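Analysis of the macromolecular model
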Amino acid sequence: GRKKTMWKYKEFMPVDESKIVTLQEGGTPLIKCDNIGKDLGVKLYVKFEGANPTGSFKDRGMSVGITKALELGVKSVGCASTGNTSASLAAYAARANLDCLVLLPHGKVALGKLAQAMFHGARVLSVRGNFDEALEAVTSLALMGEVYLLNSVNPFRLEGQKSIGFEIVDELGWRSPDRIILPVGNAGNISAIWKGISEFYRAGFIDDRPMMTGIQAEGASPIVNAFKKGEMEIEPVKNPETVATAIRIGAPVSYLKALRAIYESEGLAESVSDKEILEAQKLLARKEGVGVEPASAASLAGLIRLLDEGEIDRGEEVVCIATGHLLKDPDTAIRACEEPLEVEADINSLLDVIMGK
Ligand SMILES: Cc1ncc(COP(=O)(O)O)c(/C=C/C(=O)C(=O)O)c1O
């Protein structure tokens, strides 16, 4: 049978099947997390998107996006990125033999992602500004026809990412969990997952839909602010700040789709502190063996916060989307730990250390 990839659902993808650019993305693990779930009193699953070819959910959207780029005959692709989009675009562009230009916010990109964008051969520009300013700049370039824009403002990206929703309901036995919780930055992913699940709902494959719950970092939470006021317009955050650099975004391009997904699904939006994010990141790694980058842990941090606030009921079945692999941001991981102790290689020195002398 066909390898477990997102292309199991190719009939729902808007691409000509013959020339798909793929690294066998998708088909990621849905990991039951009873250790943490029991403590919290919920039935907890983690959808581990770190298992994708370049280590984040972006690969799903890039596979469709680059396939369409070839269909459209473009020669060069581009994006602005907090890191993972650029890593994924660089890899898929290389595979499709397309030139690739990425604009990254200077000094604010996690090491693993920067290494990937550079090593896969993208032309990397380090922009003196934040992600939002970089996105504005690359969008102008795209409007001049210099590059084909593959940020999540490009609908083909969402057509790939909606497969996260397909896989969750398929794996649960053709039914929805009570709630899907995920980190929200530029807000493409929450919109895409809601779209996918709604397509299966309208096709009659499932007869219920989950509550979509978006989590942002306190220093970068324009969508949460709008949700709490019941509004459909956002106030962009001028200088977004968070240790979770993947979601250090102040003017999310897909905010309207995201708010619609949250309201339509009777979901929620909440923000969490950097401290809560880093604690949740460690909890996943040390209680479940699931290694995720900081932004991905925002989904668990949000679950904990919302349970404490009584916004989420004990006993709910919840899927947290872990959007990127731990290795993406090794600096933050190492900074959160004790310095390794240096020892001599001889047994006596080791025994001294092990015996706590
Ligand atoms: C690990 C991780 N978790 C969550 C998000 C937020 O998803 P969206 O709400 O769909 O933006 C991102 C986004 C990254 C970029 O926007 C980029 O790479 O330019 C991410 O890398």
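Now for a description of the structure that goes with this document. (Residues numbered from 1 in each chain as written. Predicted model: local features only at pLDDT ≥ 70, side-chain atom pairs only at ≥ 80, totals over all residues. Heavy atoms only, no water.)

**Thoughts on the environment of Ile66**
The following threshold applies: The secondary structure listing takes helices from DSSP runs of H or I that are at least 4 residues long and strands from runs of E that are at least 2 residues long, numbered from the N terminus.
Its location among the elements puts Ile66 in helix H2 (residues 58-72). Note: C-alpha distance between Ile66 and Leu103 (37 residues apart in sequence) is 18 Å.

**Re the site of the ligand**
Heads up, the rule is: Residue proximity to a molecule or strand is established when one non-hydrogen atom of the residue lies within 4 Å of it. The definition of a polar contact used here is a pair of N or O atoms within 3.5 Å, where within protein one atom must be able to donate a hydrogen and the other to accept one, and adjacent residues in sequence count solely through side-chain atom pairs. For accessible areas, the Shrake-Rupley method is used with a probe of radius 1.4 Å. Any residue's cover is judged against the shown protein chains and nothing else. Residues are grouped as follows: Ala, Val, Leu, Ile, Met, Phe, Trp, Tyr, Cys and Pro are nonpolar; Asp, Glu, Lys and Arg are charged; all remaining types, including Gly, are polar.
The local shell around the ligand holds 23 residues, among which Asn84, Thr85, Gly185, Asn189 and Thr323 are the closest. One of the backbone N or O atoms of Gly185 is found 2.7 Å from an oxygen atom in the ligand. Asn189 is positioned such that a nitrogen or oxygen atom in its backbone is 2.8 Å from an oxygen atom of the ligand. For the ligand, whose accessible area on its own is 470 Å², the fraction buried by protein is 99%. Elements with a contribution of two residues or more to the shell around the ligand: helix H3 (84-95), helix H8 (188-202) and helix H12 (294-308). Residues that form the shell around the ligand fall into these classes: 9 nonpolar, 12 polar and 2 charged.

**What to know about the nonpolar core**
Stated formally: As used in this record, nonpolar core signifies buried Ala, Val, Leu, Ile, Met, Phe, Trp, Tyr and Cys residues forming a set joined through side-chain atoms within 4.5 Å. Three exposure classes are used, based on accessible area relative to the maximum for each residue type with a 1.4 Å probe and protein chains only: buried under 20%, partly exposed in between, and exposed over 50%. We call two residues in contact whenever any of their non-hydrogen atoms come within 4.5 Å of each other.
By size, the foremost hydrophobic cluster in this structure holds 65 residues, and its most contacted members are Leu44, Ile180, Ile193, Ile223, Leu300, Leu303 and Ile321. Here this core takes 8 residues from H12, the largest share from any one element. Each residue touching Leu44, except ones within four places of it in the same chain, is listed here: Ile31, Lys32, Cys33, Ile36, Gly37, Leu300, Leu303, Val318 and Cys320. The next biggest cluster of nonpolar side chains, apart from the first, holds 22 residues, and it includes Cys79, Ala93, Ala122 and Tyr148.

**Details of the environment of Glu276**
By the secondary structure assignment, Glu276 is in helix H11 (residues 274-287). For Glu276 and Ala301, which are 25 residues apart along the polypeptide, the C-alpha to C-alpha distance reads 5.7 Å. With near-sequence residues (within four places) excluded, Glu276 lies in contact with Glu218, Ala301 and Arg305. Side-chain polar atoms of Glu276 contact the backbone nitrogen of Ser273, separated by 2.8 Å.

**Quick notes on the packing of helix H7 (residues 163-171) against H8**
The test is simple: Angular values range over 0 to 180 degrees, each being the angle between N-to-C directions of two axes fitted as lines to C-alpha atoms, with helices fitted over their stretch in contact. Oblique is the label for any angle not under 35 degrees, not over 145, and not in the 65 to 115 range, which are roughly parallel, roughly antiparallel and roughly perpendicular in turn. Crossings are classed by handedness, with left-handed meaning an anticlockwise turn of the near helix from the far one by less than a right angle and right-handed meaning a clockwise turn.
Running from N to C, H7 and H8 cross one another at 50°; their axes reach a closest spacing of 7 Å. By the criterion of interaxial angle, the relationship of H7 to H8 is oblique. In this structure, the crossing between H7 and H8 has a hand that is right-handed. Residues Ile164, Gly165, Phe166 and Val169 of H7 form the contact with H8, whose own contacting residues are Asn189, Ile193, Gly196, Ile197, Glu199 and Phe200. Its residues assigned to classes, the contact of H7 with H8 shows 6 nonpolar, 3 polar and 1 charged.

**Topic: the pairing of strand E4 (residues 99-105)**
Using the following cut-off: Two strands form a pair only when DSSP identifies at least two bridges running between them. Here a crossover is taken to be right-handed if, once the strands point away from the viewer, the path from the first strand over the helix to the second is traced clockwise.
Across the 7 residues of E4, 6 count as buried, placing the element largely inside the fold. Two strands pair when backbone bridges link them, and strand E3 (residues 76-80) and E4 are joined in this way by 5 bridges, in the parallel orientation. Counted as the bridge partner of Val77 is Cys100 from E4. Once you follow E3 into H3 and on to E4, the crossover reads as right-handed. Between the parallel pair E4 and strand E5 (residues 123-127), the chain is carried across by helix H4 (residues 111-119), and the sense of this crossover is right-handed.

**Examining a negative patch on the surface**
How we decide: Excluding any residue in a salt bridge, patches collect residues exceeding 30% relative accessible area, merging like charges within 9 Å and nonpolar Val, Leu, Ile, Met, Phe, Trp and Tyr side chains within 5 Å. When a carboxyl oxygen of Asp or Glu lies within 4 Å of a side-chain nitrogen of Lys or Arg, that pair is called a salt bridge. Note on charges: Lys and Arg go in the positive column, Asp and Glu in the negative column, and His and the chain ends are not counted at all. To locate a charge, take atom NZ for lysine, CZ for arginine, CG for aspartate or CD for glutamate.
The grouping of Glu339, Glu342, Glu344, Asp346 and Asp352 at the surface amounts to a negative patch. Along the chain, Asp346 turns up in the loop between helix H13 (330-335) and helix H14 (347-354). Under the relative-accessibility criterion, Asp346 is labelled partly exposed at 36%.

**With respect to the pattern of salt bridges**
For the coordinates displayed, the defined rule picks out 24 salt bridges. Measuring nitrogen to oxygen at the nearest pair gives 2.9 Å for the salt bridge that ties Lys68 to Glu71. With a gap of 3 residues between them, Lys68 and Glu71 both fall in helix H2, about one helical turn apart. The buried category is assigned to Lys68, whose relative accessible area is 11%.

**Quick word on the packing of H11 against H12**
Put simply, H11 and H12 touch, their axes get as near as 7 Å, and they point 100° apart. Our classification of the angle between H11 and H12 gives roughly perpendicular. Across the interface between the two elements, Glu276, Ile277, Leu278, Ala280, Gln281, Leu283 and Leu284 from H11 touch Pro294, Ala297, Ala298, Leu300, Ala301, Ile304 and Arg305 from H12. When its residues are assigned to classes, the contact of H11 with H12 shows 11 nonpolar, 1 polar and 2 charged.

It is worth stressing that arrangement in space is one thing and function is another; only the former is reported here.
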